There are 2 protein chains.
Amino acid sequence: MATELDTVDKQILDLLHDEGRATYNDIGEELGITGNTVRRRMDRMREEGIIRKFTVMTDPAKLDYLTVAFGLSTEAGRTDDIAEEIAETDCVYKLWVLSGTHNIIFDARFEDTEHFQSFTHDVLHAVEGIASYESSIVTRSVIDDGSTVLMSDEEDAAEQTVASVED
Amino acid sequence: MATELDTVDKQILDLLHDEGRATYNDIGEELGITGNTVRRRMDRMREEGIIRKFTVMTDPAKLDYLTVAFGLSTEAGRTDDIAEEIAETDCVYKLWVLSGTHNIIFDARFEDTEHFQSFTHDVLHAVEGIASYESSIVTRSVIDDGSTVLMSDEEDAAEQTVASVED
DNA sequence: GTTGAAATGCTGTGTAC
DNA sequence: GTACACAGCATTTCAAC
């Protein structure tokens, strides 16, 4: 679990995070090392799975998608299976397994409301073990850095709710 | 709002989505066009805001972060201000404004539980207009494509809950 | 207005240090 | 971690559709 990332590695990731297509030389110049060194460190981090992938971030509003966030309450013991099953659906592009009342939350993208309805019918109502679900239209994405995991199988964090507060 | 993306543009985005550092020539070869055309289309999509940025996706487990998902209920009229305020915090790396009971959901990354506690105290308890909040540890990220918006100011989607079902 | 082809300067990649 | 050499890439220009 513990990782051996030094300051230079973290600086490289920071720069890549802002500009994923930056050249090795540009990154190296910024950090006072050669581009070749940057390349080898990036190769190493990719092999070690620290770097999962490089991707493009697009504006869903300009692509005319309807973005919906879902929260699921699942039967005990079925959570991981349900997560995998839902994650396989094309329109689901983010999915997390959580502690707390909603075991699974995920984001999906639909072309129209009909597409949304067929998803709830064909997927959510078809999967066994979903006690309840809620869904809300995402009206606005303020930030989404995309700097997270893809297909992680870690099972470390404690199974408990951190906090639940009413002011 | 409506956008003029043809099939080639969408194919370019699909390929970039999987491999954000793909060369223009590689993309062009895949689609049967020259790399030159790919570059000009990518430049155009970036100017039009369809492409927001290129980024690297890393594995938070390997970076030793504690990932926590929050759901906020805010006072009417304060939602956007609160969203902006929270989004400015360093450890918050995803934030959406929603319809429904939880107006704002966001993901934050903490170095340890102390960092988590100082965040809830200094940020969540300091901001006016937060009626209640919930937080859950993210035990597992099954997918996270990162293919979404950064700093969108669109305000189009209807302000209503799509569905809320109890089976 | 959009494309492909050629020219040039820069970048990525492997090898040696 | 750096230096070099070469193949490949990005970028500009220009002609053609």
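What you are looking at is a predicted structure, and each value in this text was computed from that prediction instead of being measured. (Residues numbered from 1 in each chain as written. Chains lettered and ligands numbered in written order. Predicted model: local features only at pLDDT ≥ 70, side-chain atom pairs only at ≥ 80, totals over all residues. Heavy atoms only, no water.)

### Let's talk about the overall build of chain A
Line of reasoning, step 1. Each helix and strand counted, chain A has five helices and six strands in total.
Line of reasoning, step 2. For chain A, the sequential pattern of α-helices and β-strands runs α-α-α-β-β-α-β-β-α-β-β.
Line of reasoning, step 3. Going through the 167 residues of chain A one by one, you find that 53% of them count as buried.
Line of reasoning, step 4. At a minimum sequence separation of 6, the contacts of chain A that also span at least 24 residues come to 65%.
Line of reasoning, step 5. If you sum the accessible surface of chain A, you get close to 7900 Å²; carbon and sulfur atoms cover 43% of it. (Helix = DSSP H or I, 4+ residues; strand = E, 2+ residues; numbered from the N terminus. Buried < 20%, exposed > 50% of the residue type's maximum accessible area, 1.4 Å probe, protein only. Contact = heavy atoms within 4.5 Å. Areas by Shrake-Rupley, 256 points an atom, 1.4 Å probe, with all protein chains shown as cover.)

### So, the protein's contact with DNA strand D
Line of reasoning, step 1. Close to DNA strand D lie I33, T34, N36, T37, R40 and R41 of chain A together with T23, Y24, N25, N36 and R39 of chain B, which account for all nearby residues.
Line of reasoning, step 2. Measuring from a base nitrogen of DNA strand D, one finds a side-chain N or O atom of N36 of chain A at 2.6 Å.
Line of reasoning, step 3. At a separation of 3.0 Å, a phosphate oxygen of DNA strand D approaches a polar side-chain atom of T37 of chain A.
Line of reasoning, step 4. Contributions of two or more residues to the surface near DNA strand D are made by α3 (35-47) of chain A together with α2 (24-31) and α3 (35-47) of chain B.
Line of reasoning, step 5. A total of four residues in the surface near DNA strand D trace back to one element, the largest contributor, which is α3 of chain A.
Line of reasoning, step 6. Of the residues in the surface near DNA strand D, the class split is two nonpolar, six polar and three charged. (Near = heavy atom within 4 Å. Polar contact = N/O pair within 3.5 Å; in protein donor to acceptor, adjacent residues only side chain to side chain. Nonpolar A, V, L, I, M, F, W, Y, C, P; charged D, E, K, R; others polar.)

### As for helix α5 (residues 113-124) of chain A
For an α-helix, the turn length of 3.6 residues means that residues three or four places apart are oriented alike.
Residues and elements named next belong to chain A.
Line of reasoning, step 1. With 12 residues, α5 should reach 16 Å at 1.5 Å per residue; the first-to-last C-alpha distance of 15 Å fits that figure.
Line of reasoning, step 2. Within the sequence span of α5, burial applies to F116, F119, T120, V123 and L124. Taken around the axis of α5, the buried residues stretch over an arc of 105°, which confines them to a single face. Pointing more than 90 degrees away from the buried face of α5 are the exposed residues E114, Q117 and H121. (Expected span 1.5 Å × (residues − 1). Arc of directions from axis to C-beta.)

### Some remarks on the packing of helix α1 (residues 7-18) of chain A against α3 of chain A
Residues and elements named next belong to chain A.
Line of reasoning, step 1. Put simply, α1 and α3 touch, their axes get as near as 11 Å, and they point 90° apart. Judged on the interaxial angle alone, α3 and α1 are roughly perpendicular. Residues V8, D9, I12, L13 and L16 of α1 form the contact with α3, whose participating residues are V38, R41, M42, R44 and M45.
Line of reasoning, step 2. Grouping the amino acids of the contact of α1 with α3 by side-chain chemistry returns seven nonpolar, no polar and three charged. (Axes fitted to C-alpha atoms, helices over the stretch in contact; angles between N-to-C directions. Parallel < 35°, antiparallel > 145°, perpendicular 65-115°, else oblique.)

### Description of the protein's contact with DNA strand C
Line of reasoning, step 1. For DNA strand C, the full set of nearby residues is T23, Y24, N25, N36, R39 and R40 of chain A together with T34, N36, T37, R40 and R41 of chain B.
Line of reasoning, step 2. Here DNA strand C approaches the protein such that, of its atoms within 4 Å, sugar and phosphate make up 55%.
Line of reasoning, step 3. In the model, a phosphate oxygen of DNA strand C is placed 3.0 Å from a nitrogen or oxygen of the T34 of chain B side chain.
Line of reasoning, step 4. One of the side-chain N or O atoms of R41 of chain B is found 2.8 Å from a phosphate oxygen in DNA strand C.
Line of reasoning, step 5. When contributions to the surface near DNA strand C are tallied by element, the ones reaching two or more residues are α2 (24-31) and α3 of chain A together with α3 of chain B.
Line of reasoning, step 6. The dominant element in the surface near DNA strand C, judged by the number of residues it contributes, is α3 of chain B, at four residues.

### Structural notes on the domain arrangement of chain A
Line of reasoning, step 1. Along its sequence, chain A is carved into domain 1 (1-55) and domain 2 (66-137).
Line of reasoning, step 2. Taking only C-alpha atoms, the centre of domain 1 of chain A and the centre of domain 2 of chain A are 34 Å apart. (Domains from an automatic or database assignment.)

### Topic: empty space enclosed by the protein
Line of reasoning, step 1. Here the structure, examined in full by the defined rule, presents one cavity of 30 Å³ or more.
Line of reasoning, step 2. There is about 390 Å³ of room inside the largest cavity.
Line of reasoning, step 3. Forming the walls of the largest cavity are 25 residues, and the residues nearest its centre are G71, H102 and I105 of chain A together with H102 and I105 of chain B.
Line of reasoning, step 4. Considered class by class, the residues forming the lining of the largest cavity number 11 nonpolar, 10 polar and four charged. (1 Å grid on protein atoms, 1.4 Å probe; cavity = no way out; pocket = protein on both sides within 12 Å on 5 of 7 lines; lining within 4 Å. Points joined across faces, edges and corners; volume = space filled by probe spheres on them.)

### A closer look at the packing of aromatic side chains
Line of reasoning, step 1. Counted according to the given criterion, the structure contains 17 aromatic pairs over all chains.
Line of reasoning, step 2. Centroid distance F70 of chain B to F116 of chain B: 6.0 Å. Interplanar angle 25°. Geometry classified as stacked. Of this pair, F70 of chain B sits in strand β2 (residues 66-74) while F116 of chain B sits in helix α5 (residues 113-124), and the two are 46 residues apart along the sequence.
Line of reasoning, step 3. Note on F116 of chain B: relative accessible area 6%, which makes it buried.
Line of reasoning, step 4. An angle of 85° between the planes, with centres 5.3 Å apart, marks the rings of F110 of chain B and F116 of chain B as edge-to-face. An identical accessibility class is assigned to F110 of chain B and F116 of chain B; each is buried.
Line of reasoning, step 5. Cluster of aromatic residues (ring-pair linked, three or more members): F70, F106, F110, F116, F119 and Y133 of chain A.
Line of reasoning, step 6. Above the face of the Y24 of chain B ring, R21 of chain A is positioned so that its terminal group lies 5.1 Å from the ring centre.
Line of reasoning, step 7. Against the face of F54 of chain B rests R21 of chain A, its NZ or CZ located 5.4 Å from the ring centre. (Phe/Tyr/Trp six-rings, centres within 6.5 Å; stacked < 30°, edge-to-face > 60°. Lys NZ or Arg CZ within 6 Å of the ring centre and 35° of its normal.)

### Considering the confidence of the model for chain A
Line of reasoning, step 1. The share of residues in chain A with pLDDT of 70 or more is 84%, and the mean pLDDT across the chain is 82.
Line of reasoning, step 2. In this model, residues 148-161 of chain A is a region of pLDDT below 50 whose contacts with residues beyond four sequence positions or in other chains number 50 contacts. (pLDDT = per-residue confidence, 0-100.)

### Description of the pairing of strand β4 (residues 104-110) of chain A
Residue and element names in this part refer to chain A.
Line of reasoning, step 1. Among the seven residues in β4, seven count as buried, and that is most of the element.
Line of reasoning, step 2. Neither face of β4 is open: one carries I104, F106, A108 and F110, the other I105, D107 and R109, and all of them are buried.
Line of reasoning, step 3. In terms of strand pairing, strand β2 (residues 66-74) meets β4 through seven bridges, oriented antiparallel. Counted as the bridge partner of A69 is D107 from β4.
Line of reasoning, step 4. Judged from the five bridges that link them, strand β3 (residues 92-98) and β4 form a sheet pairing that is antiparallel. Bridged to V97 within β4 is I104. (Pairing = 2+ DSSP bridges.)

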